[in-house]
Amino acid sequence: MTNPNRTFEGMRGRSALLLATCALALAACTDRAGNESASGQLDSAADKTEQATVAAARKAAELAEVARDKTKAYVTSPEVKEDAAAVKNALKNLGTAAVSTTDDAAITLSVSSALAKDPELSATRIDVETKAGTVRLAGPAPNAAAKARAGDIAKAVNGVATVDNQLVVSPG
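Conventions adopted
Residues numbered from 1 in each chain as written. Predicted model: local features only at pLDDT ≥ 70, side-chain atom pairs only at ≥ 80, totals over all residues. Heavy atoms only, no water. Salt bridge = Lys/Arg side-chain N within 4 Å of Asp/Glu carboxyl O. Buried < 20%, exposed > 50% of the residue type's maximum accessible area, 1.4 Å probe, protein only. Helix = DSSP H or I, 4+ residues; strand = E, 2+ residues; numbered from the N terminus. Core = buried A, V, L, I, M, F, W, Y, C linked by side-chain atoms within 4.5 Å. Contact = heavy atoms within 4.5 Å. Pairing = 2+ DSSP bridges. Right-handed = clockwise from strand over helix to strand, strands pointing away. Axes fitted to C-alpha atoms, helices over the stretch in contact; angles between N-to-C directions. Expected span 1.5 Å × (residues − 1). Arc of directions from axis to C-beta. Polar contact = N/O pair within 3.5 Å; in protein donor to acceptor, adjacent residues only side chain to side chain.

Undergrad: Just to check I follow, could you spell out the pattern of salt bridges for this structure?
TA: Pairs can form between side chains of opposite charge whenever their charged atoms are close. For the coordinates displayed, the defined rule picks out five salt bridges. The residue Asp69 makes a salt bridge to Arg68 at a minimum N-O spacing of 3.0 Å. By relative accessible area, which is 41% here, Asp69 ends up partly exposed. The closest approach of N and O atoms between Arg149 and Glu120, which form a salt bridge, is 2.5 Å. Of the two residues, Arg149 is situated in helix H4 (residues 144-155) and Glu120 in helix H3 (residues 119-122); the sequence distance between them amounts to 29 residues. Judged by its relative accessible area of 28%, Arg149 falls in the partly exposed class.

And the structure:
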């Protein structure tokens, strides 16, 4: 006859073994499901990132087009054209003034040099000023002939438009 305690112990041992095997199998299934779930989450995050990147690129392209259109409209506006014309004229006038000032300085130097070559006028102190091609002579002249000769010498210099001869005849 079989001992009932022994049978019960044998069943209990087999049940424990069966329970442990089931627990291990269940754990393995859970780990596999967890790995598959993590992989799925990673793929989902990558897809969302890609979609966000594409959306950002589209938005950037739209904004660039709007900026281009606004810039084009601004540059071609009548106000900007008027401002550009005003700047152009101001630069042209500035260039003309610079050339004129340079020309005036060169004329003043040329007239002073020519007057210094005249023996009668070189001994006197004659101030020469030039503005826009008009030469002004000021100071003493030894006589009327020297005063007239100073005016003629100044008129002969290249670039002189007119001469304002304010020399004062003062003999001696």
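Anyway, onward from the coordinates.
Undergrad: Which parts of the structure should I look at to understand the nonpolar core?
TA: Nonpolar side chains in soluble globular proteins tend to end up buried together. Counting residues in hydrophobic clusters, the biggest one holds 16 residues, and the most contacted among them are Val111, Leu115, Leu121, Ile126, Val128, Val135 and Leu137. Contributions of two or more residues to this core are made by helix H2 (78-117), strand E2 (134-141) and H4. Of the residues forming this core, the biggest block, four residues, is contributed by H4. With sequence-adjacent residues up to four places away left out, Val128 is seen in contact with Thr108, Val111, Ser112, Leu115, Val135, Arg136 and Leu137.

Undergrad: What am I meant to see in the pairing of strand E3 (residues 162-169) here?
TA: Across eight bridges, E2 lies against E3 in parallel orientation. Bridge pairing in E3 links Pro140 to Val168. The parallel pair E2 and E3 is bridged by H4, and the resulting crossover is right-handed.

Undergrad: Before we go on, may I ask you to explain the sheet that holds strand E1 (residues 127-131) in this structure?
TA: Whether parallel or antiparallel, the strands of a sheet pair through hydrogen bonds between backbone atoms. Strand order in the open sheet formed by three strands is E1-E2-E3, with mixed pairing between adjacent strands. Every interior strand has two partners, whereas the edge strands, E1 and E3, have only one. On average, each strand axis in the sheet is inclined to that of its neighbour by 10 degrees, with strand direction left out of account. Against the sheet, H4 makes contact with E2 and E3, and its axis sits at roughly 160 degrees relative to E3, the strand it touches most.

Undergrad: So what exactly am I meant to see when it comes to the pairing of E2 here?
TA: It is a general feature of regular strands that their side chains alternate between the two faces of the sheet. One ladder, built from five bridges, connects E1 with E2; its direction is antiparallel. In the sheet register, Lys131 faces E2, and the bridge partner there is Thr134.

Undergrad: Could you clarify how one ought to interpret H4 in this entry?
TA: Since the α-helix packs 3.6 residues into each turn, any two residues three or four apart lie on the same face. Under the 1.5 Å per step criterion, the end-to-end length of H4 is 17 Å for twelve residues, consistent within 8% with the ideal 16 Å. Where H4 is concerned, the buried positions are Ala146, Ala150, Gly151, Ile153 and Ala154. Seen end-on, H4 carries its buried residues on one side only, within an arc spanning 160 degrees. In H4, the exposed positions that point more than 90 degrees away from the buried face belong to Ala144, Ala145 and Lys155. Where H4 begins, one side-chain oxygen reaches toward the backbone nitrogen of Ala145, 3.2 Å away; that side chain belongs to Asn143.

Undergrad: How should the environment of Val160 be read in this particular structure?
TA: Relative to the elements of secondary structure, Val160 occurs in the loop between H4 and E3. On the basis of relative accessible area, Val160 is assigned to the buried category, the value being 14%. Remark: the alpha-carbon pair of Val160 and Thr130, spanning 30 residues in sequence, is separated by 8.6 Å. Ignoring sequence-local partners within four residues, the contact set of Val160 consists of Ile107, Val111, Gly133, Val135, Ala154 and Lys155.

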